[in-house]
Amino acid sequence: MAYSEKVIDHYENPRNVGSFDKSDESVGTGMVGAPACGDVMKLQIKVNPSTGVIEDARFKTYGCGSAIASSSLVTEWVKGKTLDEAAALKNSVIAEELALPPVKVHCSILAEDAIKAAVQDYRTKQQQTEAA
Ligand code: FES
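Residues numbered from 1 in each chain as written. Predicted model: local features only at pLDDT ≥ 70, side-chain atom pairs only at ≥ 80, totals over all residues. Heavy atoms only, no water.

K.L.:
Quick one: what's the story with the environment of Glu-130, residue by residue and with numbers?
P.N.:
Counting through the fold element by element, Glu-130 comes out in helix 5 (residues 105-131). In this structure Glu-130 comes out as exposed when scored by relative accessible area, which is 65%. Note: C-alpha distance between Glu-130 and Ala-88 (42 residues apart in sequence) is 24 Å. (Helix = DSSP H or I, 4+ residues; strand = E, 2+ residues; numbered from the N terminus. Buried < 20%, exposed > 50% of the residue type's maximum accessible area, 1.4 Å probe, protein only.)

Quick look at the structure:
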(Lines give C-alpha, C1' and ligand atoms only; values in the text may rest on other atoms or scores of the structure.)
Protein backbone atom coordinates (compact mmCIF):
# COMPACT_ATOMS: atom_id res chain seq x y z
CA MET A 1 0.00 0.00 0.00
CA ALA A 2 1.36 3.40 -0.93
CA TYR A 3 1.36 6.23 1.55
CA SER A 4 0.39 9.68 0.36
CA GLU A 5 3.06 12.36 0.13
CA LYS A 6 1.58 14.18 3.09
CA VAL A 7 1.77 11.08 5.26
CA ILE A 8 5.39 10.55 4.27
CA ASP A 9 6.20 14.20 4.93
CA HIS A 10 4.77 14.07 8.46
CA TYR A 11 6.32 10.66 9.04
CA GLU A 12 9.77 11.83 8.03
CA ASN A 13 9.50 15.29 9.58
CA PRO A 14 7.04 14.89 12.43
CA ARG A 15 6.02 18.21 13.97
CA ASN A 16 5.91 18.78 17.70
CA VAL A 17 7.26 15.46 18.90
CA GLY A 18 7.83 15.34 22.63
CA SER A 19 6.13 15.76 25.97
CA PHE A 20 4.99 18.39 28.42
CA ASP A 21 5.01 17.92 32.16
CA LYS A 22 1.81 15.99 32.77
CA SER A 23 1.34 17.55 36.21
CA ASP A 24 1.42 21.11 34.84
CA GLU A 25 -2.02 22.66 35.38
CA SER A 26 -2.04 24.23 31.92
CA VAL A 27 -1.41 20.87 30.24
CA GLY A 28 -4.03 18.36 29.08
CA THR A 29 -2.92 14.82 28.23
CA GLY A 30 -4.73 12.33 26.05
CA MET A 31 -3.45 8.80 25.87
CA VAL A 32 -5.31 6.35 23.68
CA GLY A 33 -4.77 2.97 22.12
CA ALA A 34 -6.21 1.30 19.07
CA PRO A 35 -7.39 -2.20 20.00
CA ALA A 36 -7.31 -3.28 16.35
CA CYS A 37 -3.56 -2.90 15.95
CA GLY A 38 -2.15 -2.14 19.41
CA ASP A 39 -0.82 1.27 18.40
CA VAL A 40 -0.66 3.92 21.11
CA MET A 41 -0.82 7.69 20.86
CA LYS A 42 -0.12 10.37 23.45
CA LEU A 43 -1.20 13.89 22.62
CA GLN A 44 -0.74 16.88 24.90
CA ILE A 45 -1.96 20.45 24.76
CA LYS A 46 -0.77 23.53 26.60
CA VAL A 47 -3.60 25.95 27.24
CA ASN A 48 -3.61 29.62 28.14
CA PRO A 49 -5.89 29.55 31.21
CA SER A 50 -7.15 33.10 30.76
CA THR A 51 -8.16 32.76 27.10
CA GLY A 52 -8.82 29.02 26.81
CA VAL A 53 -6.72 28.97 23.66
CA ILE A 54 -4.30 26.14 22.95
CA GLU A 55 -0.83 27.63 22.67
CA ASP A 56 1.24 24.56 22.03
CA ALA A 57 0.94 20.83 21.49
CA ARG A 58 3.14 17.73 21.60
CA PHE A 59 2.73 14.10 20.68
CA LYS A 60 4.39 10.76 20.99
CA THR A 61 3.01 7.93 18.90
CA TYR A 62 4.00 4.34 18.94
CA GLY A 63 2.34 3.21 15.78
CA CYS A 64 2.11 3.12 12.04
CA GLY A 65 3.03 5.90 9.62
CA SER A 66 -0.56 7.06 9.31
CA ALA A 67 -0.95 7.31 13.08
CA ILE A 68 2.26 9.32 13.35
CA ALA A 69 1.17 11.59 10.50
CA SER A 70 -2.33 12.01 11.98
CA SER A 71 -1.01 13.02 15.39
CA SER A 72 1.63 15.30 13.89
CA LEU A 73 -1.04 17.02 11.81
CA VAL A 74 -3.34 17.44 14.81
CA THR A 75 -0.63 19.10 16.90
CA GLU A 76 -0.19 21.64 14.11
CA TRP A 77 -3.90 22.23 13.69
CA VAL A 78 -4.87 22.76 17.30
CA LYS A 79 -2.36 25.51 17.96
CA GLY A 80 -4.26 28.77 18.24
CA LYS A 81 -7.61 26.97 18.49
CA THR A 82 -10.02 27.10 21.40
CA LEU A 83 -10.74 23.99 23.45
CA ASP A 84 -14.18 23.69 21.85
CA GLU A 85 -12.72 23.91 18.35
CA ALA A 86 -10.09 21.29 19.17
CA ALA A 87 -12.67 18.95 20.71
CA ALA A 88 -14.82 19.27 17.58
CA LEU A 89 -12.05 18.04 15.28
CA LYS A 90 -13.27 15.16 13.15
CA ASN A 91 -11.18 12.23 12.04
CA SER A 92 -12.69 12.48 8.56
CA VAL A 93 -10.95 15.84 8.12
CA ILE A 94 -7.64 14.27 9.08
CA ALA A 95 -8.20 11.26 6.83
CA GLU A 96 -9.07 13.54 3.94
CA GLU A 97 -6.11 15.86 4.44
CA LEU A 98 -3.72 12.90 4.53
CA ALA A 99 -5.57 10.96 1.83
CA LEU A 100 -5.76 7.89 4.06
CA PRO A 101 -7.11 4.71 2.49
CA PRO A 102 -10.05 2.99 4.24
CA VAL A 103 -7.85 0.49 6.10
CA LYS A 104 -5.99 3.41 7.67
CA VAL A 105 -9.01 5.41 8.79
CA HIS A 106 -8.77 4.00 12.32
CA CYS A 107 -5.37 5.70 12.60
CA SER A 108 -7.05 9.09 12.18
CA ILE A 109 -9.76 8.07 14.66
CA LEU A 110 -6.97 7.50 17.16
CA ALA A 111 -5.87 11.11 16.66
CA GLU A 112 -9.43 12.39 17.11
CA ASP A 113 -9.79 10.34 20.29
CA ALA A 114 -6.43 11.58 21.56
CA ILE A 115 -7.21 15.28 21.12
CA LYS A 116 -10.64 14.82 22.70
CA ALA A 117 -9.06 13.02 25.65
CA ALA A 118 -6.47 15.80 26.02
CA VAL A 119 -9.18 18.49 26.09
CA GLN A 120 -11.18 16.44 28.59
CA ASP A 121 -8.14 15.94 30.80
CA TYR A 122 -7.43 19.67 30.82
CA ARG A 123 -11.06 20.49 31.69
CA THR A 124 -11.15 17.94 34.50
CA LYS A 125 -7.98 19.46 35.92
CA GLN A 126 -9.45 22.95 35.77
CA GLN A 127 -12.59 21.83 37.58
CA GLN A 128 -10.50 20.20 40.28
CA THR A 129 -8.49 23.40 40.67
CA GLU A 130 -11.65 25.47 40.93
CA ALA A 131 -13.17 23.10 43.45
CA ALA A 132 -10.05 23.14 45.62
FE1 FES B 1 -3.27 1.13 13.86
FE2 FES B 1 -2.36 2.86 12.20
S3 FES B 1 -2.40 0.72 11.92
S4 FES B 1 -3.03 3.21 14.20
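Here the narrative resumes.
K.L.:
Outline the packing of helix 2 (residues 65-78) against helix 5, listing residues and values.
P.N.:
In contact at an axis separation of 8 Å, helix 2 and helix 5 are set at 40° when each is read in the N-to-C sense. Taken together, the axis directions place helix 2 and helix 5 in an arrangement best described as oblique. The handedness of the crossing between helix 2 and helix 5 is right-handed. On helix 5, the residues touching Ser-66, Ala-67, Ser-70, Ser-71, Val-74 and Val-78 of helix 2 are Cys-107, Ser-108, Ala-111 and Ile-115. Split into classes, the residues belonging to the contact of helix 2 with helix 5 amount to six nonpolar, four polar and no charged. (Axes fitted to C-alpha atoms, helices over the stretch in contact; angles between N-to-C directions. Parallel < 35°, antiparallel > 145°, perpendicular 65-115°, else oblique. Left-handed = near helix turned anticlockwise from the far one by under 90°. Contact = heavy atoms within 4.5 Å. Nonpolar A, V, L, I, M, F, W, Y, C, P; charged D, E, K, R; others polar.)

K.L.:
Give a description of the environment of Leu-43 that names residues and reports values.
P.N.:
Position of Leu-43 among the secondary structure elements: in strand 2 (residues 40-48). You can call Leu-43 buried: its relative accessible area is 0%. Taking the C-alpha atoms as reference points, Leu-43 and Pro-101, 58 residues apart in sequence, are found 23 Å from one another.

K.L.:
Describe the packing of helix 1 (residues 5-12) against helix 2, listing the residues and the values that go with them.
P.N.:
Between helix 1 and helix 2, the least distance of the axes is 8 Å, while the angle of their chain directions is 80°. Taken together, the axis directions place helix 1 and helix 2 in an arrangement best described as roughly perpendicular. Where helix 1 approaches helix 2, its residues Val-7, His-10 and Tyr-11 are matched on the opposing element by Gly-65, Ser-66, Ile-68, Ala-69, Ser-72, Leu-73 and Glu-76. Of the residues in the contact of helix 1 with helix 2, the class split is five nonpolar, four polar and one charged.

K.L.:
Account for the sheet that holds strand 3 (residues 53-62), with residues named and values stated.
P.N.:
If you walk across this open sheet you meet the three strands as 1-2-3, and the pairing is antiparallel. Every other strand in the sheet has two partners, leaving strand 1 (27-33) and strand 3 as the edge strands with one partner each. Adjacent strand axes in the sheet meet at a mean angle of 15° when their direction is disregarded. In this structure, strand 1 lies alongside strand 2, joined through seven bridges in antiparallel fashion. Bridge pairing links Thr-29 to Gln-44 in strand 2. Helix 2 rests against strand 2 and strand 3 of the sheet, and its axis sits at about 170° to strand 3. (Pairing = 2+ DSSP bridges.)

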